[in-house]
Amino acid sequence: MDAFVLQILNGLDKGGSYALIALGLTLIFGTLGVVNFAHGALFMLGAFCAVTMKKLLTLSKQIKDESITFFDAFKEEPYLKIWFGETGEAIIDYAVPISILMAIPVMLLIGLALERGLIRFFYKRSHAEQILVTFGMAIVLQEIVKAVYGANPVPMPPPEILQGSADIGVWLGLGNAVIYPWWRLAYLGFAAILIGSVFAFLQFTTFGMVVRAGMADRDTVGLMGINIERRFTIVFALAAVVSGLAGVMYTPIVPPDYQMGMDFLVLSFVVVVVGGMGSLSGAVLAGFLLGILQSFASMNEVKEILPGIDQIVIFLVAVIILLVRPRGLMGRKGVMES
Amino acid sequence: MIKITPRNDMILLGGFILAVLTMPIWLTPIGAGYPDLLQRFAIYGIFAIGFNILFGLTGYLSFGHAAFLGVGSYTAVWSFKLLGMSVIPAVLFAVITSGLFAVLIGYISLRRSGIYFSILTLAFAQMSYNMAYSVLTPITNGETGLQLSQQDPRVIDSLFGVPVTEGIPATNLFGIEMSGYPGFYFCAIMLIISFYISMRIFRSPFGIMLKAVKSNSNRMSYTGLNMRPYTLTAFIISGMFAGLAGSLLAVTDPLAGAERMQWTASGEVVLMTILGGVGTLIGPVIGAGVIKYFENIFSAFNDSALHDIFSFLPDFLENAVVAVTGLFVGDGWHLTLGALFVIIVVFLPGGIIEGITRIYQRVTRKKQINSVTSTEAQPGE
Amino acid sequence: MGILEVRDVNKRFGGLKALDKVELDVEEGSVHAIIGPNGAGKSTFLNCLVGLLIPDSGAVTFNGKSLLGIKPHEINQAGVSRVFQTPEIFADLSLLDNVIIPTFAARDGAFSFNAWKRVDNDNEVHEKAEHMLEEIGLIEKKDIIAGSLSRGDKRRLELAMCLVQNPKLLLLDEPTAGMSRADTNNTIDLLKSIGGRGITKVIIEHDMHVVFSLADKVSVMAQGTVIAEGTPESIKGDPRVQEAYLGGAHL
């Protein structure tokens, strides 16, 4: 039982990332009709917003190390600490959550630039060409990051207060076998809030209503004299922000490197397909389901019976779904079924 | 445009054979006239030709073709290990195995079209890649990659009493070692054969049916044609070409690693094909050559080489130029590749061949206009 | 006994009954027109014949063989060709290739792996295709890309693609929609001239001029069912038909 709960929990944080990226992917596909292979790169860029923020916050000055007295030693001391003392240190400690403040405008700008500068020329072109151009863009983005930040993963610790693990098992009365890192719990909460906000935005604002109408029937909305182009731009930027924020918050779980986006992209596409192309709730549902499934597949008991299943389970599910129920779990009939 | 006639095709083929076989001569002035690189030109040319039979003719965009390349390489290395160092069984088995692999993947993936097909092939390739690193380690030797060793059985070789040498023996064709120029010429002949097969397919009734798939699959079924076996056959043929290319990689350098199956490798062959010209006969070969050439040139550069090149500039300018160009060379070659990808798709979706055609048309049109104006001018004189 | 027999065909889309107990007999060699107001179910009916839609119940027999549940290409191989309302052609291939493809399909069947012979060495197919283009009046344009044709020419090309297969039954979905009077008359002549080949035709048409120039028999559909059937003359005077057409203004 506790192993069961633990696997579900383990699956949820990965699932949260899948869900957030897939949400953006399907939002872009549903409204703009564009297959965006650069979406994983946006996730990665978000993660590197956090890296940048950390670098900025820890900009340091060489000062004399007073603790060493028998020769002149120097150490790096962040300006923040020099100026604000303990408050400064606390700010550095919270680098990851603080990065969100930076990631929102940065990702918004990146999204705007990408859409205006590239994607909009591809609305009328074939899916194959969309795939190709965004694939190229993804390579460009990740190589730029590699050139600036290097190829090695950058460790990003969570705030001290969220380090360590929560005794979830004790809360649930399952004994003390189920422990779960605090940060992952925070990540889950964050993912839930982000998903909730996107849905609320689409549900309760006029803008969201038009977007949903556009996903249901693009041609008609275009005929209603609504400025589709501008909305496309906003939707794209919004999706970029969502992926970016997921990337920011994911950094303490797996240290970011320039390639992380590609790994997530392939899986997120599978998630979109399983959930149903153009279905927002399908993307979220499938994201979590596949995350959990993957986590179960990596249990030792399962791997003993089916070795290597953890590596391929998601793809296997995708293949089966595409063959048996091409429109996906929650896709509408007739949408991209062929 | 140049008309497609059997005679013109023969001229094209003749020109192609001549160009390929003389590559060591005419590529030397641009610094590409050495066997290692020439082998790669030929091998990736084959890969792209095969990919083009699927993508160029039927329009089905596979994002998992590198899997077949990998299967070909692994099979060839196993053939070297178990059977012997002759390249003939290696190539043969590689083509057959990748063909069988393509039957399996194609049969499932081709039940869908459009982006679903792309995602399915991508999923299969990723599965193969992941499995090569995990469950299939006994076959693939995981991260280390599959290598030859002194203790390999090499049944056929020992049967024929091939003397056991010290160290690992080299791959050979009837005793000719497949490294250096002999290796290149072997690959070149395979490239020529592949090109010829591709040309036959392009001009055949089968080829025209594949074009029909791309053009209008609806009309195709209402015309009484069953699309599925056509696309599946194209998929298998193109998988076999990829397997052949993979086996040649092993022939020229007998080891195989899973990174050959990574999806970036699949992306690369897509790029080669569109860079040269999707659906054209010769385009993919040119695309493969251009990419491998620039990969070679660009990756070799480093900052000091750049400083040498730009040393004529004033110092501050030199540093700036080197800093910017430095991003695109050496390890940054992939950045160039990505940028090239975007630029080609945006500005020249028909690839190099289309570019040449456009220039050709512009030139001939100018000539026509000139001749028209000159004849008009005459009566006035 | 007709070459095409339709018995009690029903098709629902959700709550909407698109086809309601449709019955139809088409005699071999005849031209059978189906007319009726918009939304009467004519196109749905045609789609059921070529395998694009599968009826919920009923029977469609062609030449003694059931057409239900078999794939579009099998229906074509059985001898049924269709001209669509918006021409379905191979837009990025040449006119000649457009006609060559169905010629091959008729000769070599639904699949043949003929990857070694050159198309331009196959004289039989070439001659047949070029002859067809000549007959339809498009031979001068044979090397042009089909997508660049005018709408009228595209329709003619599609017709040629169907005719070159020597179908037993030709289904035409509003072959003159959106054509000028002159083009319409050309098409009528064309369809008449191919009438002598023993090709049975089922034609959906709005233009009564076309119907009365071509049809041997007319079925009138309204609200998913056949409400009247007979010679063009008898249909003209039928009060039920006039009612279906809003007081008969159309006639």
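Note that the structure is a prediction, hence the values are computed from the model and not measured.

Q: Tell me about the overall build of chain A, residues and numbers included.
A: Scanning chain A from N- to C-terminus turns up 15 helices and 4 strands. For 338 residues, the compact-globule formula gives about 20 Å, and the C-alpha radius of gyration of chain A, at 22 Å, lands near that figure. Principal-axis analysis of the C-alpha atoms gives chain A an extent of 75 × 50 × 35 Å. The buried share of chain A, taken over its 338 residues, is 46%. Restricting to contacts in chain A with at least 6 residues of sequence separation, those with at least 24 account for 75%.

Q: Any chance you could break down the overall build of chain B for me, citing the residues and the numbers?
A: Looking only at helices and strands, one finds 18 helices and 4 strands in chain B. The C-alpha atoms of chain B give 23 Å as radius of gyration, which agrees with the globular expectation for 381 residues (21 Å, within 12%). When the backbone C-alpha atoms are referred to their principal axes, chain B occupies close to 90 × 70 × 40 Å. By residue count, 50% of the 381 residues in chain B fall in the buried class. Within chain B, residue pairs in contact and separated by at least 24 positions form 77% of the contacts whose partners lie at least 6 positions apart.

Q: Before we move on, could you go through the interface of chain A and chain B and cite the residues and values that matter?
A: Taken together, the contacts link 31 residues of chain A with 35 residues of chain B. Breaking the side of chain A that touches chain B down by element, the ones donating at least two residues are helix H6 (127–149), helix H12 (260–275) and helix H15 (309–324) of chain A. It is H6(A) that provides the largest number of residues to the side of chain A that touches chain B, a total of 14 residues. Of the residues in the side of chain A that touches chain B, the class split is 24 nonpolar, 5 polar and 2 charged.

Q: Any details on the arrangement of the chains? Residues and values, ideally.
A: The pair of protein chains exhibiting the most contacts, out of 2 pairs of chains in contact, is chains A and B. No part of chain A reaches chain C; the closest C-alpha pair between them is 13 Å apart.

Q: Residue-level account of the sheet that holds strand S3 (residues 31–35) of chain C, with values.
A: Two pairing modes exist for strands in a sheet, parallel and antiparallel, and in both the strands are linked by backbone hydrogen bonds. Residues and elements named next belong to chain C. Pairing is mixed across the open sheet formed by 6 strands, whose spatial order is S6-S7-S8-S3-S9-S10. The open sheet has two free edges, formed respectively by strand S6 (80–83) and strand S10 (225–230), since each of these has just one partner strand. Strand after strand, the sheet turns through a mean of 20 degrees between neighbouring axes, direction not considered. Note: S3 against strand S9 (residues 217–222), 4 bridges, orientation parallel. Paired with isoleucine 34 across the two strands is serine 219, which belongs to S9. Of the strands in this sheet, S3, strand S7 (169–173), strand S8 (200–204) and S9 are in contact with helix H1 (residues 42–49), which crosses S7 at around 150 degrees. Where helix H5 (residues 151–163) meets the sheet, it contacts S6 and S7, and its direction lies at approximately 180 degrees from that of S6.

Q: Give me the interface of chain B and chain C: which residues, what numbers.
A: On the chain C side, the residues contacting the 25 residues of chain B number 30 residues. Those elements giving two or more residues to the side of chain B that touches chain C turn out to be helix H9 (180–203), helix H10 (205–215), helix H11 (217–222) and helix H12 (227–252) of chain B. At 8 residues, H10(B) tops the list of elements feeding residues into the side of chain B that touches chain C. Here the residues of the side of chain B that touches chain C sort into 11 nonpolar, 10 polar and 4 charged.

Q: A description of the packing of helix H2 (residues 39–57) of chain A against H6(A) should follow, citing residues and the corresponding values.
A: Residue and element names in this part refer to chain A. Contact pair H2 / H6: the axes reach a minimum separation of 9 Å and the direction vectors enclose 20 degrees. With respect to their mutual orientation, H2 and H6 come out roughly parallel. Helix-helix and strand crossings are classified by hand; for H2 and H6 the assignment is left-handed. The residues of H6 that touch H2, namely those facing Gly40, Ala41, Met44, Leu45, Phe48 and Val51, are Ala138, Leu141, Gln142, Val145 and Tyr149. Of the residues contributing to the contact of H2 with H6, the split by class is 9 nonpolar, 2 polar and no charged.

Q: Which residues make up the confidence of the model for chain A, and what values do they have?
A: A low pLDDT means the predicted coordinates there should not be read in detail. On average, chain A scores 83 in pLDDT, and the residues at 70 or more come to 93%. Ranking the elements of chain A by mean pLDDT puts helix H10 (residues 218–223) of chain A last, at 65, and helix H5 (residues 95–117) of chain A first, at 92.

Q: Residues and numbers for the nonpolar core, please.
A: Core analysis: the biggest nonpolar cluster contains 290 residues, and Leu23(A), Val270(A), Val273(A), Ala318(A), Phe47(B), Ala245(B) and Ala160(C) have the highest contact counts within it. The leading source of residues in this core is H12(B), at 15 residues. Among the domains, domain 1 (1–79 + 167–251) and domain 2 (91–166) of chain C are the pair contributing at least three residues each to this core.

Q: Lay out the environment of Leu275(B) in plain terms, naming residues and giving numbers.
A: All names here are of chain B. Residue position: leucine 275 is located in helix H13 (residues 263–276). By the C-beta count within 10 Å, which is 27 here, leucine 275 ends up buried. Sequence separation between leucine 275 and valine 290 is 15 residues; the distance between their C-alpha atoms is 8.6 Å. Setting aside residues up to four positions removed in sequence, leucine 275 forms contacts with Gly287, Val290, Ile291, Ile344, Gly351 and Ile352.

Q: Go over the pairing of S6(C) with me, naming the residues and quoting the values.
A: Residues and elements named next belong to chain C. Here S6 shows a buried face lined by Val80 and Arg82 and a second buried face lined by Ser81 and Val83. By the bridge criterion, 4 bridges tie S6 to S7 in an arrangement that is parallel. Opposite valine 83, over in S7, you have leucine 172 as the bridge partner.

Q: Lay out the sheet that holds strand S2 (residues 16–26) of chain C with the relevant residues and their values.
A: If you walk across this open sheet you meet the 4 strands as S2-S1-S4-S5 (chain C), and the pairing is antiparallel. For this open sheet the edge positions go to S2 and strand S5 (65–66) of chain C, each flanked by a neighbour on one side alone.

Q: Give me the confidence of the model for chain B: which residues, what numbers.
A: Residue and element names in this part refer to chain B. Of all residues in chain B, 95% have pLDDT values of 70 or greater, and the mean over the chain is 87. Confidence, expressed as mean pLDDT per element, reaches its minimum in chain B at helix H18 (residues 351–380) with 67 and its maximum at H12 with 96. Low pLDDT (under 50) marks residues 372–381, which in the prediction has 0 contacts with non-local residues, meaning those over four places away or in another chain. Scoring the predicted complex yields pTM 0.88 and, for the interface, ipTM 0.89.

Q: Report on unusual backbone geometry, specifying residues and quantitative values.
A: Residue and element names in this part refer to chain B. In this structure, asparagine 141 takes a positive phi of about 60 degrees despite not being glycine. As for its position among the elements, asparagine 141 is in the loop between helix H7 (137–140) and strand S1 (146–147). Classification of asparagine 141 as partly exposed rests on a count of 18 C-beta atoms within 10 Å.

Q: Account for the packing of H2(A) against H12(A), with residues named and values stated.
A: A pair of packed helices is captured by two measures, namely the crossing angle of their axes and the spacing between those axes. All names here are of chain A. Where H2 meets H12, the axes come as close as 7 Å, and the angle between the chain directions of the two elements is 135 degrees. When the axis of H2 is compared with that of H12, the two are oblique. In this structure, H2 crosses over H12, and the sense of that crossing is right-handed. Across from His39, Gly40, Ala41, Phe43, Met44 and Ala47 in H2, the residues of H12 making contact are Met260, Gly261, Met262, Phe264, Leu265 and Ser268. When grouped by side-chain class, the residues that make up the contact of H2 with H12 number 8 nonpolar, 4 polar and no charged.

Q: I'd love a proper account of the pairing of S8(C), names of residues and values included.
A: All names here are of chain C. Most of S8 sits out of view: 5 of its 5 residues are buried. Here S8 shows two buried faces, one formed by Thr200, Val202 and Ile204 and the other by Lys201 and Ile203. For S3 and S8, the ladder comprises 4 bridges, and the chain directions are parallel. Counterpart to histidine 32 in the pairing with S8 is valine 202. Here S7 runs beside S8; their pairing, made up of 5 bridges, is parallel. Looking across to S8, one finds that leucine 171 is bridged to valine 202.

About the criteria used
- Residues numbered from 1 in each chain as written.
- Chains lettered and ligands numbered in written order.
- Predicted model: local features only at pLDDT ≥ 70, side-chain atom pairs only at ≥ 80, totals over all residues.
- Helix = DSSP H or I, 4+ residues; strand = E, 2+ residues; numbered from the N terminus.
- Rg over C-alpha atoms; globule rule 2.2 N^0.38 Å.
- Buried ≥ 20, exposed ≤ 12 C-beta atoms within 10 Å, placed from the backbone.
- Contact = placed C-beta atoms within 7 Å.
- Nonpolar A, V, L, I, M, F, W, Y, C, P; charged D, E, K, R; others polar.
- Pairing = 2+ DSSP bridges.
- Axes fitted to C-alpha atoms, helices over the stretch in contact; angles between N-to-C directions.
- Parallel < 35°, antiparallel > 145°, perpendicular 65-115°, else oblique.
- Left-handed = near helix turned anticlockwise from the far one by under 90°.
- pLDDT = per-residue confidence, 0-100.
- Core = buried A, V, L, I, M, F, W, Y, C linked by C-beta atoms within 7 Å.
- Domains from an automatic or database assignment.

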